[in-house]
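Descriptive analysis of the structure
Single-letter residue listing:
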Amino acid sequence: MLIHPTGRFDNHPADNRHIEVLPLAAAMGAEIRGVSIAALSDEAFAEVRAALFRHKMIFFRDQDISHADQAAFSRRFGPFAEDAYTKGVPGHPEVQPLIKEADQSVGMVFGAGWHTDSAFLAEPPAISMLYGVEIPPYGGDTIFANSALAYAMLSPTMQAMIAPLKVHMSMAKVVETARANLDADETPLGRVAATRDMNRLPDEIARKVAGTMHPLVRTHPVTGEKALYCDETYATGIDGLTAAEAAPLLKFLVEHITQPAFTCRLRWAPGTYAAWDNRICVHQAFNDYDGFRRELYRTTIAGEAPR
Ligand code: SIN
């Protein structure tokens, strides 16, 4: 029987003066109450930003905002990121629709599989945000796992062993899965699925499949917190290890990060706005709402080369 990890859970809110923070789970996540993201003072924004780094994923309910409001709120966190998959809505190239129609049934949804966003880029997005407009009556949740807590819960010997390692992050598995499961169309993953021949990839996809080596343990640039930088979707190898050597280590780390005790699960509603810090958590979307429409809008904030 698995002994439940204990000792390092601390998701209590900081002392805030301008926002109310309600932790979602022991491991991570918090709801921010008492504010409209379209009309946030600088003081309240500073507390929201600190809450994001503290709780890894934050969300607001009942936000009634336009694409321009989402773009303006997102931009307060920094410049927009290069987005690896999606195209923006007309007039707002940085606000990307994420829509699955009620009559669409696909083998893979955008965001399937545990991942940290676009980790194959040299400078992956720091923060991602989603605004829910139409939400299935059940299903379509997003689950998150705290990869900083997961790092802290490793033994000092394991921490020392993995400290010098670099992880190879690549889009290869997404390309293979999309090609096997999806029609080529104008959806974000449909454009990846259109990639028919792995040996003759368009330059833009080839660059993402070639990917980047990143530190397996990364340090948050603002808080100094250390986190495992590893996921199920993009982590494909370890620099200097054979595939046979790397696979069990990556499998252990992914299972360790994503164990239920380190997660929280967000139930969307129309008007829910969520933001997460890709440097210190991983997440995944579920493909469990066939027959219902799900419409969200996504923005991503530029990050730095992981260190
Ligand atoms: C994502 O991975 O960014 C999408 C998450 C979701 O649609 O729930």
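Refer to the structure presented above.
**Focus on the environment of valine 174**
- Residue placement: valine 174 occurs in helix H5 (residues 172-181).
- Using a relative accessible area of 5% as the deciding quantity, one classes valine 174 as buried.

**Here's the deal with the layout of surface pockets**
- Size it by volume and the second largest pocket reaches roughly 240 Å³.
- Tallying contributions element by element places helix H3 (residues 147-152) first for the lining of the second largest pocket, with three residues.
- In terms of residue class, the lining of the second largest pocket is built from seven nonpolar, three polar and five charged.

**A look at the sheet that holds strand S8 (residues 212-215)**
- Strand order in the open sheet formed by three strands is S8-S7-S11, with antiparallel pairing between adjacent strands. Of all strands in the sheet, those bounded by a partner on one side alone are S8 and strand S11 (235-238). In this sheet, neighbouring strand axes are inclined to one another by 35 degrees on average, regardless of whether the strands run parallel or antiparallel.
- As defined by bridge partners, strand S7 (residues 166-169) adjoins S11 across three bridges and the pair is classed as antiparallel. The residue of S11 that forms the bridge with methionine 169 is alanine 235.
- Its contacts with the sheet put helix H8 (residues 243-257) on S7 and S11, and the angle it makes with S11 is roughly 125 degrees.

**Some points on the site of the ligand**
- Neighbouring the ligand are the residues Leu98, Phe110, Gly111, His115, Leu130, Thr142, Trp276, His283, Ala285, Arg294 and Arg298.
- Contacts to the ligand include arginine 294, whose side-chain N or O atom sits 2.8 Å from an oxygen atom.
- In the model, an oxygen atom of the ligand is placed 3.3 Å from a nitrogen or oxygen of the arginine 298 side chain.
- About the coverage of the ligand: the protein hides 100% of its 260 Å² of free accessible area.
- A molecule is said to occupy a pocket when more than half its atoms come within 2 Å of that pocket's grid points, and by this definition the ligand occupies the second largest cavity.
- When contributions to the shell around the ligand are tallied by element, the ones reaching two or more residues are strand S14 (281-285) and strand S15 (294-301).

**Structural notes on the sheet that holds strand S12 (residues 263-266)**
- Overall, antiparallel pairing links the three strands, which are arranged S12-S6-S14 in an open sheet. The open sheet has two free edges, formed respectively by S12 and S14, since each of these has just one partner strand. Taken pair by pair, the neighbouring strands of this sheet meet at an average axis angle of 20 degrees, ignoring direction.
- As paired strands, strand S6 (residues 142-146) and S14 are joined by five bridges and run antiparallel to one another. Each residue of the ladder has a partner; that of phenylalanine 144, found in S14, is histidine 283.

**Overview of the environment of threonine 177**
- Here threonine 177 is to be found in helix H5.
- Residues threonine 177 and methionine 198, 21 residues apart in the sequence, show an inter-C-alpha distance of 12 Å.

**A look at the pairing of strand S3 (residues 57-60)**
- On S3, burial covers both faces: Met57 and Phe59 on one face and Ile58 and Phe60 on the other are all buried.
- Two strands pair when backbone bridges link them, and strand S2 (residues 30-33) and S3 are joined in this way by two bridges, in the parallel orientation. For alanine 30, the partnering residue across the bridge sits in S3 and is isoleucine 58.
- Handedness of the crossover joining S2 and S3 through helix H1 (residues 42-55) is recorded here as right-handed.
- Examined bridge by bridge, S3 and strand S13 (residues 273-277) share four bridges and lie antiparallel to one another.

Rules used in this analysis
- Residues numbered from 1 in each chain as written.
- Predicted model: local features only at pLDDT ≥ 70, side-chain atom pairs only at ≥ 80, totals over all residues.
- Heavy atoms only, no water.
- Helix = DSSP H or I, 4+ residues; strand = E, 2+ residues; numbered from the N terminus.
- Buried < 20%, exposed > 50% of the residue type's maximum accessible area, 1.4 Å probe, protein only.
- 1 Å grid on protein atoms, 1.4 Å probe; cavity = no way out; pocket = protein on both sides within 12 Å on 5 of 7 lines; lining within 4 Å.
- Points joined across faces, edges and corners; volume = space filled by probe spheres on them.
- Nonpolar A, V, L, I, M, F, W, Y, C, P; charged D, E, K, R; others polar.
- Pairing = 2+ DSSP bridges.
- Axes fitted to C-alpha atoms, helices over the stretch in contact; angles between N-to-C directions.
- Contact = heavy atoms within 4.5 Å.
- Near = heavy atom within 4 Å.
- Polar contact = N/O pair within 3.5 Å; in protein donor to acceptor, adjacent residues only side chain to side chain.
- Areas by Shrake-Rupley, 256 points an atom, 1.4 Å probe, with all protein chains shown as cover.
- Sits in = over half its atoms within 2 Å of the grid points.
- Right-handed = clockwise from strand over helix to strand, strands pointing away.

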